[in-house]
Every structure is written in structure tokens, then in C-alpha cells.
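Residue-level listing of the chains:
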Amino acid sequence: MLRAELPLSCLGRSLLLLQLLLPPTSAFFPNIWSLLAAPGSITHQDLTEEAALNVTLQLFLEQPPPGRPPLQPEDFLGRTLLADDLFAAYFGAGFSSRRFRAALGEVSRANAAQDFLAASRNDPDLHFDAERLDQARDRLAGALRETLAAAAAQDHALARRRLGAALHALQDFYSHSNWVELGRQQPHPHLLWPRRRELWSLAQEGDPTCSDCEALSCSGNLLGSTLLTSGYFGTHPPKPPGKCSHGGHFDQSSAQPPRGGINKDSTSPGFSPHHVLHPQAAQLALLASIEAFSLLRGRLGDRGFSRLLDITPASSLSFVLDTTGSMGEEINAAKIQARHIVEQRRGSPMEPAYYVLVPFHDPGFGPVFTTSDPHIFWQQLNEIQALGGGDEPEMCLSALELALLHTPPLSDIFVFTDASPKDAFLTNRIESLTQERRCRVTFLVTEDPSRLQGRTRREVLSPLRFEPYEAVALASGGEVIFTKDQHIQDVAAVIGDSMGALVTLPLEPPVPAPGSAAVFSVDGLLRKLTVRLHGKIRAFRIKSPAGASQDHEEGVGPLGRTRRFGQFWLVSVAEPPQTGTWEIQVTAEGTPRVRVQAQTCLDFLFHFGTPAEGGPHPGLYPLAQPVAGLPAQLLVEVTGPGAGGPAPRFSHAVLRRLPEGSTLGRVPLEPRGPAERGLLAAPLPPALLAAPGPFALELAGRDAAGQRLHRAAPQPCAVAPVLLELSGPPGSLAPGSKAPLSLRVASFSGPQDLELRTSVHPSFALTSNLSRARLGPNEAAWGRLWLEVPDAAAPDSVVLVTVAAVSAEASPAPAAHAFLRLVVLAPASPVRRPSVPPGAGPSAHAHPGLASASPGAPPATPADAARASRAPAGASALAAGWRAGAAGWGVGAALLLLGLAAC
């Protein structure tokens, strides 16, 4: 609780960090899956997410929301800190934390991946192992520099991945070294942004550090030295005589004298010989992680930090525009919609955080224009005119690829064109890239695909020429909407609707069959229900649970309002939509497209993983997508109010093969970790993993009133034919360098004869020694790539390397893709560090405070400098008092108050 002598009037001027003492349910092991081996441990995932929530709350307390009362710290006392609760308190009820939780997931999975990826799991410099403490600190500093550089380049997905790697190393220091055993009660003051100080007195090669220990628990095996050391893991590098091992079940070095180990990764003596110190190590790792997030906030500023963690409920706005002479109406429609969105959402939580614009014609496309300023975006868009061209096809997919590279994940991209793609060869890569970026692409095409007259054409074009758009839309969860010039402005209104945090309601069956009805479920958490239909539709009828019905005639009917724009119908259901089972019956020529959407807070995120075997720690190896023949788990994060409580609750997942919609499995969802976090897991059924191909994911359950809940993933998933693992160089890229990359391709199903194709954006030289791989079941091949970074490469720029594994035989199996983003850094200037006399370690008061900037890390702005300067000498004493009190609290929450000099 708050100390009585601290006046509440001081709180608004103080740095307030909500420090959660996690309950003994789930750091140092990679993720929540690791708890099957060591219950009661704290994982890297826990540490990362708790630290991010602490600093996010700090930001919310210091920056009151416009038009809403400021947050009060006492409102969070005694409560578990959750992203959903934070968003509801700051933005108001009804605003989803989905984007924020997805960003936290990216950081957490990148953190956990350090223990699983072949290029990182056994590298001592990435885990503070083998007494390579200086080298590990340099690598940690390099990862933080890459985080800042990627953020400066507006590639926040890459920044989050590099941040995850940095946090893993930082957290490992407190578990893998003897910092805790030396009695240190604060994070090391010189791990972050190392500019001026040595780490401390380090054990040298000839200094013995451990005695022999035969037991699982080895609390007394460290020799009485004041030197800083860390344990050796495995056989590379080999453990010298007298040195400590990491220890535990997976460590081969722990069988060599001196036996045992010193790691504090878990509460299990079988994995962690110093398991009794696990809580202390976790506490320091959490405080250090909070410090890292706070320092990043100081360097990036509040707006940049919010972009890094996607602390917003709003999507970005991304346009890809055909600018040829026939596109005047479409360009005007895009301008009108952009203007409407900017004006309607200005100053609200749903104002887009980022804007992307990519023009194209033939033969050119681009350049890409990006901004966070809506007025600058509008000015840039307003300058675009329909000029020249007039023939077909155009470079549409090349422009879309450029937009995907610069659009934040979980965004909608809208493509305006009246031409088919000239670059259809990019289709498969674009499909994979939309899923990697989790972006939904909607094509607004002002030409009927069956029409043979229109533009001037260089050649006779196939009536199937728009199929690449259909394929990309299907893979991304988007649509292809054909319309006419006279309807484009009305149809373009789907842009604003699509950016309203919509969820898709599954149809059963997914494709309405002639003469029969498809059904969908509406629960009490849904609002603004719409039904969109397009195609050669002759008639349709929608029926409510109460039996009321409405057909395709335009106007207001018993259920709502129906509007028609050519071959596109939009039915807006009257508020509030009736709960229960609805029906829709469609009569059409060909296959009609039907989509049911609504606004709601209750949604979900998902990812995949496979239980790791043979690594430094047990856990779940993150997968970008399931792989044929490889057992995999589905991991679900429910977002929204009451996500983990007794109601509402998702009970099972349904998986359907696409495009026909046949059911591949129905698997129960089991809770994982604390119920309030809304984490669920299910094994993927063997029938799904038997062969590669796309599938749809649906969740089902019941709401508080017992009404059926039914949600669909925003885009289809795909089972890949093989596993591709593409890893970067040990350090960052530099202009004029040649960087080695490693590639692993593994098959877990039938024989594979694969061609491996590489590409890089921008067009740097890239060579590979592996262009073909013939693999049997459970076989793998390794390759090496060399990326040449030219001298003229811009510092703080991002490089995307893509590897595609394509069947060398006539096979319907889709290609597998691996994407690797790397950042180019300017060479760091050498830094002279003053030596520290032996034994002159940092005192308990040397730590500069959790929100103060370490040497060499000045805040980015005067406002940030003012905030970061509020750490008085008394902060350490207060923190010490907090620790003393926290030791007796066990489960619960404490408010850590730092920076009270102004009080």
C-alpha cells in the first residue's frame, strides 16, 4: 500500500511504476509452456510483459488522456495489472488492446526464441554464459542499438524482435551469473548502454569459482570470492578446471568436475541447482527489464515508445493507388475517404497512428510515402493526379509489396485499381508476406472481370487475369470488390468500416450453397452488425432468430437498411442486433461472396509452436505457421473484458480446410496460466497437419448469458510443407560489410525435392550455397548465404531477406517462405572505459534509478529529460524499503514510488 507519509498531491509529479509480484504460477524458462517442467517458475515471457505493463502504466499516469479524467494510481493497487484493464481505464470502455497485446507477444516470442533458434541457443554471448560477460554486454548493447535504429526506420516489428533478444540476455544475467549470490539487491548499473564503466571485477581464466556438488540443489558450491562469474553450458566453449557450470538436466558440462551448477532459471532443482534464489533473480531481472523499457522511452520519446509497443486501439491507414489516366474517380474516392477518416477520428483513440501511400502505374511503382501526421498525409494524397497510361496490365503487386514492407502489422491495406497485375509472378510471395505481416488487403476494382472492352491493351488478356488479387485477398482475409466508376465513392466507404476494430463472424457452411441457408451466431457483445455480399447475385434473404426476414430490395426493412452499389450489397442491421442464430440464403450465378462483421471488444490473437526437444530449456518453440508432419500447439490470447473469467469463455477451436470449408478438427481449448490473462492452448489435429495447405481458424464458446460465441481469425492460416529457419549474423550489418546468414530447411513429412530461391529488398547482392535440397522425412539441410551491404547503404535502414522453398516437381503444395529483417547500423565509435580497481564493485546506491538515463543515453527531448531527471538519491532507500515489504506480501501488487525529490 502507499506509505502514509507520502501526500497524494505528490503522485502526479512522481515516477510511478506498478510492480507486480507475480503469483507462483508461471523467468528464465522461455515461456508459459515451460511450466509443465517447472511449475511455480517465472518465465522470460512473464518478465517481459510485466515490465512493459509497468512502463505503460507510468506513461498513462504521466500523460492523461484527452477529454477523460486522469488515471489514479490507487485504482491499480491490489489488482493484477492487465493490458485490457489498462486500455479500458485510459481510453474508455469498448477500446481493444489487441494491437498492444500483439506487440507484447512479438517481444515475448522473440525473447523465448533465443533459447530455441539454432543460431542463438548455444551462443554464450547471448546468454551471459561461460564468463563472457563483457562480450555479452556488448551484444546486449548492440541489440538495443538495433532496436533504436529499427524504430527510427519505422520498422517497429523488427524493433520489437531485437528488443526481445536484448531483454532475454539482460534477464539471463541475473540467473546465469553470481550477481545475486554476491548479495546484490539492485540491478547492475552498467549493463545498459555501456559507455563509461566496466562491469565489475570479473573472474579471470585461472580463478577457481565453484566446488564440486553431487546433489541436485547446490546452494553452497560457489567459492567465497567477490569476483563476478557465470556458468558454462554444454561443450562450447569447454569448461576450464575449477569453473562453475550452468547446471541442470540439459547441461553436459555439469557432469564434469566441479559438478553441479549455479543457474536460477526455475524453481526446479532438476533444472536449476540454485533454485532457491530464483525469486530474487527474477525480481532483479524484472527491475532491470523495467529500466530497459524506461530508457527506451527516454530515447524514443512518448510517441516513439507508443509506436514501439503499439499502444493504441487504432489501425493504420494504407493506400495503394493506380495513378493511370483512367483512375480519376477512384483517386477522388480515396481522397474523400481519407479526408473523412482524418476529420472524423481526429483527437479520438481511433485516429490512425500511421499513414502509408504507394502509387503505381506501368512500368513504375512507388515511391512509398509514410507519415504519422494526418495533415501531411492528406496533402501528399491530394497531390496525386490520374495522368498518362491507359493500358493494361499494371505493376500493382510490386506496389502492394512495397506497402506491406512499410505498413505496421494488424493493419488494413486498400488497393484502388481498374487493371489486372503485370507482376502476377509475385502472387505467392505477396500471400506469404500478408500473413507474416498479418495485414488484410482489400482490392477495389472498377472493372468487371468478365468485361472484354475498356482500356487499351497490349495483348489479349485472360478473363482470369484478376485471380492474383483473389488469391492475395483470400490469404490475407480481405476481399476483391468489383464495382463501377459511378459506385466507387459509395463502395469505398468500406474503408472506414473496416478500420473500426471489426471481427468476422463465421458462416456455416462457409460458402452458401444454392437452395440452402447458411447460419451465423450473434452474441450480446456485438454491435454494428453488417452483412456484405458481392458477386452476380439474383436474390438473397436474411432471417433473424425471432423469424423476421429481409430480402435484397433496397431501403429500410424489418432488420435494418439495405443498400446496393452495382454488384455490391451492404446490409446494416438495426441496433442492437438480436442475439441467437441468424440465417442467410443467396441465389447467385457462380459463387457469391458473403461476409458478416461486427464491432466488439471480445476478440483473440493466436500463434503456433511446437514443444522443444534438445535445447537449453524446455518450452514451446515459436512457429510462424504449422509445418506438415510436425506436432504443433495452437496458442490463443483472448482480448477484451472478462477474457479469462468464467464468462464469456471460448471452449473449443474449429479448423476448416480452405477453400471448400470442410471440418478438419474440433479441439478443446485448455486454460494456461492465470485465468485473468485469457491464455488458451490446444493441440492441432493430425488431420490438419497431414498435408500442407490453407485452413480457417474459428473459436466457439458461450457468453455470460449462455448465448453461443463464435469468432473467426481475421485471416486464414496455412500449413507449410517444410520448416524454414533463417538466421542473421552475430552482429548488426554495417555499410561495406559482407554478412553471413544461416539457413535450415527441415522436412517432417514425405520426401521433398525443393528449389530454394532467395531475394532481398533493397537489391543488395545475395549469394547462397544451397539452391536445392532433397529431403526425406525428419531430415534437414543447412545452407549459408552471404549478404553484401554496399558502402552507400544508409545507416538505420532495414533490409528484408526472403527465402522460398518451392517444390521442384509438379506439386500442388504451396511454397514455404522465411523472412528475415536486418538493420544497417553506422559503425560505432570506439569508447574508452575507465578501469575499475579490483574489489571496487558498485555500491547499492550507485544505481541511477529505474527511470533515469544511464551514461551515454541522454533523453530524446527536453520533456523526456525533465521526466528522467526526477530520480533522487533517496530513490534507492525507498526501493530498498519496498523490497523489504514485498518479501512479506507474496501474491499481490505493490506500488513502487521513485523520484519524489519534488515532494
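As a starting point, this report considers the structure included with it. (Residues numbered from 1 in each chain as written. Predicted model: local features only at pLDDT ≥ 70, side-chain atom pairs only at ≥ 80, totals over all residues. Heavy atoms only, no water.)

## Observations regarding the overall build of the chain
Now for step 1: Of the regular secondary structure elements, the chain holds 16 helices and 36 strands.
Now for step 2: Across the 903 residues of the chain, 58% fall into the buried class.
Now for step 3: Carbon and sulfur atoms make up 54% of the accessible area of the chain, which amounts to about 33700 Å² in all. (Helix = DSSP H or I, 4+ residues; strand = E, 2+ residues; numbered from the N terminus. Buried < 20%, exposed > 50% of the residue type's maximum accessible area, 1.4 Å probe, protein only. Areas by Shrake-Rupley, 256 points an atom, 1.4 Å probe, with all protein chains shown as cover.)

## Structural notes on the nonpolar core
Now for step 1: In this structure, Phe 60, Leu 170, Tyr 174, Phe 293 and Leu 309 are the most contacted members of the largest nonpolar core, which totals 65 residues.
Now for step 2: Of all the elements in the fold, those that place two or more residues in this core are helix H1 (44-62), helix H2 (83-91), helix H3 (98-113), helix H4 (133-152), helix H5 (156-176) and helix H6 (278-308).
Now for step 3: A total of 13 residues in this core trace back to one element, the largest contributor, which is H6.
Now for step 4: When neighbours within four sequence positions are excluded, Phe 60 is seen to be in contact with Leu 71, Leu 86, Phe 87, Tyr 90, Phe 91 and Ile 311. (Core = buried A, V, L, I, M, F, W, Y, C linked by side-chain atoms within 4.5 Å. Contact = heavy atoms within 4.5 Å.)

## A few points about the sheet that holds strand E30 (residues 752-761)
Now for step 1: In spatial order, the strands read E32-E30-E34-E35; together these four strands make up an open sheet with antiparallel pairing. Among the strands making up the open sheet, the edge pair consists of strand E32 (772-775) and strand E35 (816-824). Looking at each pair of strands side by side, their axes are set apart by 25 degrees on average, direction ignored. (Pairing = 2+ DSSP bridges. Axes fitted to C-alpha atoms, helices over the stretch in contact; angles between N-to-C directions.)

## Notes on the sheet that holds strand E31 (residues 765-768)
Now for step 1: Spatially, E28-E29-E33-E31 is the arrangement adopted by the four strands of the open sheet, whose pairing is antiparallel. Two strands bound the open sheet, and with one partner strand each, they are strand E28 (723-727) and E31. In this sheet, neighbouring strand axes are inclined to one another by 20 degrees on average, regardless of whether the strands run parallel or antiparallel.

## A closer look at the environment of Ser 797
Now for step 1: Within the fold, Ser 797 resides in strand E34 (residues 797-807).
Now for step 2: Separated by 29 residues in sequence, Ser 797 and Ala 826 place their C-alpha atoms 9.9 Å apart.
Now for step 3: Residues within four places of Ser 797 in sequence aside, it is in contact with Ala 153, Leu 822, Val 823 and Val 824.

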